[in-house]
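A closer look at the structure
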Amino acid sequence: MSTADAGDVEAAFRDFLGNDVTVEAFGAAASRRRLLGEAPLSRTVHVALSGEGQDARAAADALAEAVVPWGSFVLLQGLVGTAFTRQGRYDDALRVHLTALRLTPRWHPTSVYRVLDAIADDLVHLGRFDEAARLAERALEWDPTNPDALLTLGVALARAGDRGRAGGVLAYLASSGYSEVFLRALIGALGGDRAKAQPYAPDLAKIPALSDDAWLRFCAVNALNPFAEGEEQRRAHAVACLARGHHDYALFATRQAPKWVTEDSPIDGRVARAWAKAREEAIVALDAARGVVEALAREEDGQFGEESEVRFQFADACVERGDAGPLLAMLLDPSREVVLYAARALVKLGRTEHAPLIEAMAAGERALGWDDLPSAVKVLSAMKRAGGGAKKKPAPAKGKAARLRGRALVAKVIEAIAGTDAIADPRPVPAAKLKKLTFPCKKPLSPGLAAFLAFDASFLGLFEDPEAPRFAPRTLRQIAEAEFDPMLAGMFEGIEEALPGEAYLLGAQDGEARDVLYVGEPDAAGEYPVLEMRVDPPGVRVAYPGVDVYLAHLFEVVLFDPDANPEDARALEAHSKLDLSGWSAPPE
């Protein structure tokens, strides 16, 4: 196969500049890493990366054949390309890296400067020094302080005969604290001639700013930290914030980055510290960033505290005083946990302008195949339940409508939310399958649940696929083990003896409580109770007499208030036979 020529390189770069990689595509590309732990591919990877020899060459070819169809820029660049470069097959590496470039999101700095630097390095080894220098300079547009791209640039310039600029790069890197071991290749390319040169000067003001749409995509995926090295995630965060003028969070992320280098990280700790020092100095030199350093040093309000718990407390204080401004700023935090905590705090204040970010993060989580806490999916669920996703807010029903139950009440709910964004894309259970559907314990669906499933089966999260509905019953104990911290879940030891019925978590949830449909005995309306499992204070209570009332309350069609409404209180009493002794928890 022929070597990719200069025209191929330029064509790949044009394709890269015009691509439109979505959050979902990014997540899918990153999630492919999970497949590498599966045999026999894991064996192929091991052999391909092991070094030279016919077996390694054959394994690298097989790996490329398997990975290219996936369209994962992450694997193409970081795995297949690496296998080829370790074997000295730079023609093959260049072709793979150019394929990866076309698929790389132009809005994610880490991914961009990684692949462009890899291409530049390939070109250096192929003796195409002028092209290599151009690609390294393009990599530096996304991060002018990147030491790997600078090292590649310096070597390419030296080999191309531009010793003055190469010496300037060396002078900058040496003054920034990088060791001679790290600089060995550049020192060797320059030989013994290390005459003084004008040092390279990184200009962070020239980093291309992301569009609003690209910024949203970046914030969504980077908050999820798709790469194993949190240090790299924070570097990308700093670059993107700089380009948008958020110098405080750019500097904060830069300072945090070296602290995220782990023992098994491929990033040398000394390089990480030198990089952070150089980046901080470049940020401080910006006119627009004047005063940021002093503001961060004070840390008077906890917004930029070193520990997440400090920032959580700060967010709680913002909610108490009704101040949404700092919470909106905290959506720029380089910590996923802090972003989601601020998002939940904004929901408590009734603010919804951050919904697009949380929706994008949720899409990224689904594409990555994640199901852990904290979760954007669960925050999004809370927002929708609070009305944050709706274009219009359903008006509470009045008069006799407030006393409806079962199908009639759910019909009111559906009438109120249909056509809004409360449930953006309803997915009903097909009528023929719904007609035959029962719980695994052979008990029939309640009228309210059946009516809602005919409208949508995604919101309550009861089925993996509404087109093929299959209940996955659990006990209350199993739900506690899956949803709460192990120590907190231990508080529900033995609950299945008192409440042995089937239990179903009602949609993704977060926080200290979970709403659970408990298939015990139906009330006069044919509805099974909705229980609340809570860890602070610990216990279980009947929160709603049925899923019909639960849905009506969540979507604010008919509010449920047993303390103020005797009829609501009587509805709860219909489930008083449940054995909650020892588990009873008061309302929040």
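Owing to the predicted nature of the structure, the values given are computational and were not obtained by experimental measurement.

Comments concerning the overall build of the protein chain
If you tally the helices and strands in the protein chain, you get 29 helices and 4 strands. Evaluated residue by residue, the protein chain yields a buried proportion of 53% over its 588 residues. Accessible surface for the protein chain amounts to roughly 26000 Å². Of this, 51% is attributable to carbon and sulfur atoms.

Focus on the pattern of salt bridges
Taken as a whole and assessed by the stated rule, the structure comprises 28 salt bridges. Its salt-bridge partner being E10, residue R138 comes within 3.1 Å of it at the nearest N-O pair. Here the residue R138 occupies a position in helix α8 (residues 129-142), and E10 occupies one in helix α1 (residues 6-17), the gap between them amounting to 128 residues. Among the charged side chains, a salt-bridge network with shared partners connects D61, R89, D92 and R95.

Some details on the packing of helix α19 (residues 336-348) against helix α20 (residues 355-368)
Two elements in contact, α19 and α20, have axes whose closest approach is 12 Å; the angle formed by their N-to-C orientations is 135 degrees. Put simply, α19 runs oblique to α20. The chirality of how α19 crosses α20 is left-handed. Along its contact with α19, which presents R336, V339, L340 and A343, the element α20 presents I358, M361 and E365.

Observations regarding the packing of helix α5 (residues 73-86) against helix α7 (residues 109-125)
Between two packed helices, what matters for the description is the angle formed by their axes and the separation of those axes. Contact geometry for α5 and α7: axes closest at 11 Å, N-to-C directions at 25 degrees. With respect to α7, the axis of α5 lies roughly parallel. Note on packing geometry: the crossing formed by α5 with α7 is left-handed. Across the interface between the two elements, F73, Q77 and T85 from α5 touch S111, R114, V115 and D122 from α7. Considering only residue class, the contact of α5 with α7 consists of 2 nonpolar, 3 polar and 2 charged.

Some thoughts on the confidence of the model for the protein chain
Averaged over every residue, the pLDDT of the protein chain is 84; residues scoring 70 or more account for 88%. When the criterion is pLDDT under 50, residues 388-402 qualifies, and its contacts beyond four places in sequence or with other chains add up to 28 contacts.

Structural notes on α1
For α1, with 12 residues, the first-to-last C-alpha span of 17 Å sits near the 16 Å given by 1.5 Å per residue. Considered for burial, the residues of α1 that qualify are V9, A12, F13 and F16. All buried residues of α1 fall inside an arc of 100 degrees around its axis, so they share one side.

Observations concerning unusual backbone geometry
Here the phi dihedral of K442 falls at roughly 80 degrees; this positive angle occurs in a residue that is not glycine. For K442, a relative accessible area of 69% corresponds to the exposed category. The phi angle at E556 is positive, at roughly 55 degrees, despite the residue not being glycine. Among the structural elements, E556 can be located in the loop between α28 (547-554) and α29 (566-573).

Observations regarding the sheet that holds strand β3 (residues 530-535)
One open sheet accounts for 4 strands, arranged β1-β2-β3-β4; its pairing is antiparallel. Edge positions in the open sheet fall to β1 (502-505) and β4 (538-544), since each of these has one partner strand only. Looking at each pair of strands side by side, their axes are set apart by 35 degrees on average, direction ignored. Across 6 bridges, the pairing between β3 and β4 is antiparallel. Bridge assignment links R534 to a residue of β4, and that residue is G539. Taken strand by strand, helix α25 (residues 476-483) contacts β1, β2 (513-519) and β3, and its axis lies near 30 degrees from that of β1.

Some words on the nonpolar core
Side chains of nonpolar character tend, in soluble globular proteins, to be buried together. In this structure, L116, L173, I358 and M361 are the most contacted members of the largest nonpolar core, which totals 130 residues. Those residues in contact with I358, other than ones at most four positions away along the chain, are L340, A343, A376, V379, L380 and M383. Listed in part, the 63 residues of the second largest apolar core include V410, L445, F471 and V530.

Examining the packing of aromatic side chains
Taken as a whole, this structure holds 22 aromatic pairs when the rule is applied. An angle of 65 degrees between the planes, with centres 5.9 Å apart, marks the rings of F452 and F455 as edge-to-face. Comparing F452 with F455, the two get one shared label, buried. Lying across the ring of F13, R138 places its NZ or CZ 4.1 Å from the centre.

Considerations on the environment of V530
Assignment of secondary structure puts V530 in strand β3. Taking the C-alpha atoms as reference, V530 lies 9.4 Å from A503; in sequence the two are 27 residues apart. Not counting chain neighbours up to four residues away, the residues in contact with V530 comprise L506, D515, V516, L517, R541, V542, A543, Y544, G546, V547 and Y550.

Structural notes on the state of the cysteines
The tally for this structure, following the rule as stated, stands at 0 disulfides. Distance from the sulfur of C219, which forms no disulfide, to the nearest cysteine sulfur (C241) is 6.6 Å. On the basis of relative accessibility, which here comes to 9%, the residue C219 falls in the buried class.

Describing the side chain of H237
Its place among the elements puts H237 in helix α13 (residues 230-243). Other than its neighbours up to four places away in sequence, H237 contacts F218, N222, A253, L332, D333 and P334.

A few points about the pairing of β2
Of all 7 residues making up β2, 7 are buried, and the element is well covered by its neighbours. Side chains of β2 alternate between two faces, with A513, D515, L517 and V519 and R514, V516 and Y518 buried alike. In terms of strand pairing, β2 meets β3 through 5 bridges, oriented antiparallel. Bridged to L517 within β3 is V530.

As for the pairing of β1
Burial along β1 is two-sided: E502 and Y504 and A503 and L505, pointing in opposite directions, are all buried. As paired strands, β1 and β2 are joined by 4 bridges and run antiparallel to one another. Bridge pairing links L505 to V516 in β2.

Here we look at the side chain of R217
Within the element layout of this structure, R217 appears in helix α12 (residues 212-223). Engagement of the side chain of R217 in a polar contact is seen with the side chain of D213, the distance being 2.9 Å. Setting aside anything within four residues of it in sequence, one finds R217 in contact with D20, V21, T22, V23 and W107.

What counts and what doesn't
Residues numbered from 1 in each chain as written. Predicted model: local features only at pLDDT ≥ 70, side-chain atom pairs only at ≥ 80, totals over all residues. Heavy atoms only, no water. Helix = DSSP H or I, 4+ residues; strand = E, 2+ residues; numbered from the N terminus. Buried < 20%, exposed > 50% of the residue type's maximum accessible area, 1.4 Å probe, protein only. Areas by Shrake-Rupley, 256 points an atom, 1.4 Å probe, with all protein chains shown as cover. Salt bridge = Lys/Arg side-chain N within 4 Å of Asp/Glu carboxyl O. Axes fitted to C-alpha atoms, helices over the stretch in contact; angles between N-to-C directions. Parallel < 35°, antiparallel > 145°, perpendicular 65-115°, else oblique. Left-handed = near helix turned anticlockwise from the far one by under 90°. Contact = heavy atoms within 4.5 Å. Nonpolar A, V, L, I, M, F, W, Y, C, P; charged D, E, K, R; others polar. pLDDT = per-residue confidence, 0-100. Expected span 1.5 Å × (residues − 1). Arc of directions from axis to C-beta. Pairing = 2+ DSSP bridges. Core = buried A, V, L, I, M, F, W, Y, C linked by side-chain atoms within 4.5 Å. Phe/Tyr/Trp six-rings, centres within 6.5 Å; stacked < 30°, edge-to-face > 60°. Lys NZ or Arg CZ within 6 Å of the ring centre and 35° of its normal. Disulfide = S-S within 2.5 Å. Polar contact = N/O pair within 3.5 Å; in protein donor to acceptor, adjacent residues only side chain to side chain.

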